[in-house]
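# Residue-level structure breakdown
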Amino acid sequence: MTYRIAVIPGDGIGPEVTTEGLKVLKTIEELDPSLSFSFESFPWGCEYYTENGKMMDDDGIEKLKDFDAIYLGAVGFPGVPDHISLWDLLLKIRKGFDQYVNLRPIKLLNGSSTPLKDDPKLRNIDMLVVRENSEGEYAGAGDWLFKGKPEEVVLQTGVFSRKGTERIIRHAFEIAKESGKSLTSISKGNALNYSMVFWDEVFEEVSQDYPEVTTYSYLVDAAAMFFVTDPGRFEIVVTSNLFGDIVTDLGAGLAGGLGLAAGANINPERNYPSMFEPVHGSAPDIAGKGIANPLAAVWSVSQILDHFGHEDWGARVLEAIETVLTEKKANTPDLGGDASTSAVGTELCRVLEEKFKNE
Ligand SMILES: NC(=O)c1ccc[n+]([C@@H]2O[C@H](COP(=O)([O-])OP(=O)(O)OC[C@H]3O[C@@H](n4cnc5c(N)ncnc54)[C@H](O)[C@@H]3O)[C@@H](O)[C@H]2O)c1
């Protein structure tokens, strides 16, 4: 079986970290003859924008639609406004392929450090945030009235459709049911008196179909506090686009930093390819220095393998990340080491190979 993967390395450290992710996939291909991958790389991003006046080809979505998955590094670079790089590439793909589920695991791996105090209770960080990824606060709806005048007004409208809200909540319930874990909804019904009251109602309605799932519901401000004071209470979490964006960066901060946070943009019906990427951006401050941590991008590779139904390989990659973190032979400076991006990738492949051969 050959899986076709479209690679969009993007900007800054994007190409540096995806190179290591691809190294891991190529190692797996060598170890397991039943698996093979073909890669096609697309040069889209801010450099492409500077040369061509657009972030991706006009028929970019058409070009990507027949791939089994999209592997993305990061986009954004000084000189190109962030709202252009985000809307004209990343969001175009997420929306164009109806990738309405954003899965962001927040797990404190063995060997990884947390800024929380040294209390075993606070090392219990293992949650999966299911973030709505197609509408909500990031629907792009609004208006800019009387621009530049004293009476200037801007409107940024949150869009919560019944279809969009119900499908993400139902998807999260399915994950909770399958994994036997609790489900926590994060919203803000006291202040957002339309959108989040509606969200809470739909959560309550859908919960009736899943009596076996234990549920909790928190306001986002309280949830942010509990992420820090008692992260173990969260298992599966479902939340809106904006809240999910924020709480997962908070989670990343608790679980080893942005260099270790991965995210999958999923079209569950598989009508279109899903897209896998590290949560971090293009990190212009360290780009080109060869010191970016590639582990988040490698974790994305583990998510790709899970998505393809090769959970055994997905788990092995995650274990290899844990070993690299624990052994500390090759860690990048953000984790207190002095290894290069490529040295970490090479060590990870070595660990993977050794583990597989010893199985
Ligand atoms: N998904 C994406 O492509 C995405 C996500 C976020 C930001 N961005 C874009 O990236 C650019 C920079 O944004 P930012 O600085 O706010 O966020 P960032 O994630 O790029 O960087 C934040 C900080 O974390 C560090 N960092 C990030 N990833 C790292 C890694 N793998 N290893 C070591 N250190 C790492 C950076 O050096 C920086 O100090 C902007 O143009 C922004 O729009 C893109």
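Quick notes on the rules
- Note that residues are indexed from 1 along each chain, following the sequence as it is written.
- A pLDDT threshold of at least 70 governs which residues receive local features in this predicted model, and a stricter bar of 80 or more applies before side-chain atom pairs are shown or counted, although totals over entire chains, interfaces and linings include all residues.
- Secondary structure follows DSSP: runs of H or I at least 4 residues long count as helices, runs of E at least 2 residues long count as strands, and numbering of each begins at the N terminus.
- With C-alpha atoms as the basis for the radius of gyration, the globule rule is written as 2.2 Å multiplied by the number of residues raised to the power 0.38.
- Labels follow a simple rule on C-beta atoms placed from the backbone: if 20 or more others lie within 10 Å of a residue's own, it is buried; if 12 or fewer, it is exposed; otherwise it is partly exposed.
- Being near a molecule or strand means, for a residue, that its C-beta atom, positioned from the backbone, comes within 6 Å of it.
- For this classification, Asp, Glu, Lys and Arg are treated as charged, while Ala, Val, Leu, Ile, Met, Phe, Trp, Tyr, Cys and Pro are nonpolar and the rest, including Gly, are polar.
- UniProt positions are given in the numbering used here, feature names are shortened, and annotations may be inferred rather than shown by experiment.
- In plain words, the nonpolar core is the set of buried Ala, Val, Leu, Ile, Met, Phe, Trp, Tyr and Cys residues that C-beta atoms within 7 Å link up.
- Segment limits for the domains were obtained from an automatic or database-derived domain assignment.
- We call two residues in contact whenever the C-beta atoms placed from their backbones are within 7 Å.
- In short, DSSP must find at least two bridges between two strands for them to pair.
- Note on geometry: axes are C-alpha line fits, over the in-contact stretch for helices, and angles between N-to-C directions span 0 to 180 degrees.
- Each angle gets one of four labels, with under 35 degrees taken as roughly parallel, over 145 as roughly antiparallel, 65 to 115 as roughly perpendicular, and the rest as oblique.
- Left-handed describes a crossing in which the near helix is turned anticlockwise from the far one by less than a right angle; the clockwise case is right-handed.

Attention now moves to the overall build of the chain. In terms of regular secondary structure, the chain is built from 11 helices and 12 strands. Its C-alpha atoms give the chain a radius of gyration of 20 Å, near enough to 21 Å, the size a compact globule of 359 residues would have. Along the longest, intermediate and shortest principal axes, the C-alpha atoms of the chain span 60 × 50 × 40 Å. Looking at the chain as a whole, 46% of its 359 residues qualify as buried.

Around the ligand sit 22 residues in total, of which Gly76, His280, Gly281, Ala283 and Asn293 are the nearest. Residue composition of the shell around the ligand, by class: 12 nonpolar, 6 polar and 4 charged.

We now examine the UniProt feature "domain: Isopropylmalate dehydrogenase-like" (unreviewed entry) in the chain. Per the UniProt record, "domain: Isopropylmalate dehydrogenase-like" (unreviewed entry) is found at residues 4-348. Note that residues 4-348 is 40% helix and 21% strand, and that its end C-alpha atoms are spaced 23 Å apart.

On to the nonpolar core. In terms of nonpolar packing, the biggest core is built from 96 residues, with Ile70, Val317, Ile321 and Leu348 touching the most fellow members. Element by element, the count of residues in this core is highest for helix α9 (residues 295-307), at 8 residues. Structurally, this core is a two-domain feature, drawing no fewer than three residues from each of domain 1 (1-102 + 258-359) and domain 2 (114-255). Each residue touching Leu348, except ones within four places of it in the same chain, is listed here: Val24, Val298, Ala320, Ile321 and Val324.

On to the sheet that holds strand β3 (residues 69-74). As summarised here, the arrangement of the 10 strands in space is β2-β1-β3-β12-β11-β4-β5-β10-β8-β9, forming an open sheet in which the pairing is mixed. Each edge of the open sheet carries a strand with a single partner, namely β2 (36-41) and β9 (215-219). Pairwise comparison of adjacent strand axes, ignoring direction, gives a mean angle of 25° for this sheet. As defined by bridge partners, strand β1 (residues 2-10) adjoins β3 across 5 bridges and the pair is classed as parallel.

The extent of an interface is frequently quoted as the accessible surface area lost upon association of the parts. Domain assignment breaks the chain into domain 1 (1-102 + 258-359) and domain 2 (114-255). Computed from C-alpha coordinates alone, the two centres of domain 1 and domain 2 are separated by 25 Å. Counting residues at the interface gives 13 residues for domain 1, matched by 13 residues for domain 2. Listing elements by their share of the side of domain 1 that touches domain 2, those giving two or more residues are α4 (82-96) and β4 (101-107). The residue makeup of the side of domain 1 that touches domain 2, split by class, is 7 nonpolar, 3 polar and 3 charged.

What follows concerns the environment of Ile169. The topology assignment puts Ile169 in helix α5 (residues 162-179). The exposure class of Ile169 is buried, given the 24 C-beta atoms found within 10 Å. Along the backbone, Ile169 and Val237 are 68 residues apart, and their C-alpha atoms lie at a distance of 9.6 Å. In contact with Ile169, other than residues within four places in its own chain, are Val202, Phe203, Val206 and Val238.

For Val24, the position within the fold is in helix α1 (residues 14-31). Here Val24 falls in the buried class, since 25 other C-beta atoms lie within 10 Å of it. Separated by 326 residues in the primary sequence, Val24 and Arg350 place their C-alpha atoms 9.5 Å from one another. Apart from residues no more than four positions distant in its own chain, Val24 is found in contact with Val298, Val301, Val317, Gly345, Leu348, Cys349 and Leu352.

Quick look at unusual backbone geometry now. Positioned with a positive phi, Phe146 is a non-glycine residue whose angle comes to about 50°. The residue Phe146 is located in the loop between β6 (136-145) and β7 (153-159) in this model. A residue is classified by how many C-beta atoms lie within 10 Å of it, and Phe146, with 10 of them, is exposed. In this structure, Ala283 takes a positive phi of about 40° despite not being glycine. Along the chain, Ala283 falls in the loop between β12 (274-278) and α9.

As a further point, take the packing of α9 against helix α10 (residues 311-327). As a packed pair, α9 and α10 sit with axes 7 Å apart at the nearest point and diverge in direction by 165°. The angle between the axes of α9 and α10 places the two elements in the roughly antiparallel class. Considering only the axes of α9 and α10, their crossing is left-handed. On the side of α9, the interface is formed by Leu295, Val298, Trp299, Val301, Ser302, Gln303, Leu305 and Asp306, while α10 contributes Glu311, Trp313, Gly314, Val317, Leu318 and Ile321. By residue class, the composition of the contact of α9 with α10 is 9 nonpolar, 3 polar and 2 charged.

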